[in-house]
Amino acid sequence: MIVEVEAYGGPPGGPWPDAASHSFRGPGGRNSVMFGPPGRLYTYRSYGIHVCANVSCGDDGTAAGVLFRAAAIELGVEIAQTRRPEGTREASLGRGPGNLCAALSISMDDYGVDLFAADSPVGLKFGAPEFGISGPRVGVSQAADRPWRFWLAGRREVSAYRRSPRAPAMGGSD
DNA sequence: GGTAAGATCAGC
DNA sequence: CTGATCTTACCT
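Report on the accompanying structure.

About the thresholds
- Residues numbered from 1 in each chain as written.
- Chains lettered and ligands numbered in written order.
- Predicted model: local features only at pLDDT ≥ 70, side-chain atom pairs only at ≥ 80, totals over all residues.
- Heavy atoms only, no water.
- Helix = DSSP H or I, 4+ residues; strand = E, 2+ residues; numbered from the N terminus.
- Buried < 20%, exposed > 50% of the residue type's maximum accessible area, 1.4 Å probe, protein only.
- Polar contact = N/O pair within 3.5 Å; in protein donor to acceptor, adjacent residues only side chain to side chain.
- Contact = heavy atoms within 4.5 Å.
- Near = heavy atom within 4 Å.
- Pairing = 2+ DSSP bridges.
- Axes fitted to C-alpha atoms, helices over the stretch in contact; angles between N-to-C directions.
- Nonpolar A, V, L, I, M, F, W, Y, C, P; charged D, E, K, R; others polar.

**Some details on the side chain of Ser-164**
Phase 1 of the analysis: Checked against the element boundaries, Ser-164 lands in the segment after strand S6 (149-151).
Phase 2 of the analysis: Residue classification places Ser-164 among the buried positions, given a relative accessible area of 4%.
Phase 3 of the analysis: A polar contact is formed between the side chain of Ser-164 and the backbone nitrogen of Arg-166, at a distance of 3.0 Å.
Phase 4 of the analysis: Sequence-distant contacts of Ser-164, defined by excluding residues within four places in its chain, comprise Gly-139, Val-140 and Ser-141.

**Focus: the protein's contact with DNA strand C**
Phase 1 of the analysis: Every residue lining DNA strand C is accounted for by Arg-25, Arg-30, Arg-45, Tyr-47, Gly-48 and Ile-49.
Phase 2 of the analysis: Of all atoms in DNA strand C that approach within 4 Å of the protein, 59% are sugar or phosphate atoms.
Phase 3 of the analysis: The separation between a sugar or linking oxygen of DNA strand C and a polar main-chain atom of Gly-48 is 3.2 Å.

**As for helix H2 (residues 97-104)**
Phase 1 of the analysis: Those residues of H2 lying buried are Pro-97, Gly-98, Leu-100, Cys-101 and Ala-103.
Phase 2 of the analysis: The first or second residue beyond H2 is Ser-105, which carries a positive phi of 60°.

**A closer look at the sheet that holds strand S1 (residues 2-8)**
Within a sheet, adjacent strands bond to each other through the backbone by hydrogen bonds, running parallel or antiparallel.
Phase 1 of the analysis: One open sheet holds the six strands; their spatial order is S2-S3-S4-S1-S6-S5, and the pairing between them is antiparallel. In this open sheet, the two strands that pair with only one neighbour each are strand S2 (41-46) and strand S5 (133-135). Put simply, the sheet's adjacent strands are angled 30° from each other on average, direction ignored.
Phase 2 of the analysis: Sitting on the sheet, H2 is in contact with S1, strand S3 (50-56) and strand S4 (65-71), with an inclination near 90° to S3.

**Details of the protein's contact with DNA strand B**
Phase 1 of the analysis: Residues in contact with DNA strand B amount to 22 residues; listed here are only the nearest, His-50, Asn-54, Arg-84, Gly-98 and Arg-166.
Phase 2 of the analysis: Sugar and phosphate atoms constitute 58% of the interface atoms of DNA strand B, taking the interface as everything within 4 Å of the protein.
Phase 3 of the analysis: Contact distances for DNA strand B include 3.1 Å between a base nitrogen and a side-chain N or O atom of His-22.
Phase 4 of the analysis: The contact in question runs from a phosphate oxygen of DNA strand B to an N or O atom on the side chain of Asn-99, over 3.1 Å.
Phase 5 of the analysis: Where the surface near DNA strand B is concerned, the elements lending two or more residues are S2, S3, S4 and H2.
Phase 6 of the analysis: Of the residues forming the surface near DNA strand B, the biggest block, three residues, is contributed by H2.
Phase 7 of the analysis: By residue class, the composition of the surface near DNA strand B is nine nonpolar, 10 polar and three charged.

In structure tokens, the structure reads:
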């Protein structure tokens, strides 16, 4: 169950201009899924070592995505455990976007799959409680104060907030 | 064609 | 606090 997400928009001139988004500079390369139909998996490599996953949102042609930042592992805990360092606590199995993908074994091979198709290797379904709390996104240096991170209250799987060291001081223009 | 920075994480 | 390590963007 996803317990923490972040919203990412698109290029200037679109409905949700967002300098922090991979789609900000228009379609090309890794981000093409963001510009396609909604409900597809957008995976990208982070810092050369981790894989992070989003679901594309917005109509076909309009870039937007939601990054999966943390999840509670409800089924297959033992399997998830084998994909994470020995001794990882259960609440930490899917805490953080890179860790979440590791625990669920989401890789770059899953780039672009339809999350709502029955035969997909990765699936998504609705039904979690409402995300009541929001705050600034983690680690972004652009639009660093925009409160587009959402999480479930009281969940231990939610990751810690860390502002990017490259982000301007609070209250900077956005 | 080179280089630096990044929607990170774990281990010291 | 730092190193690991790959992709892209933005120079020259």
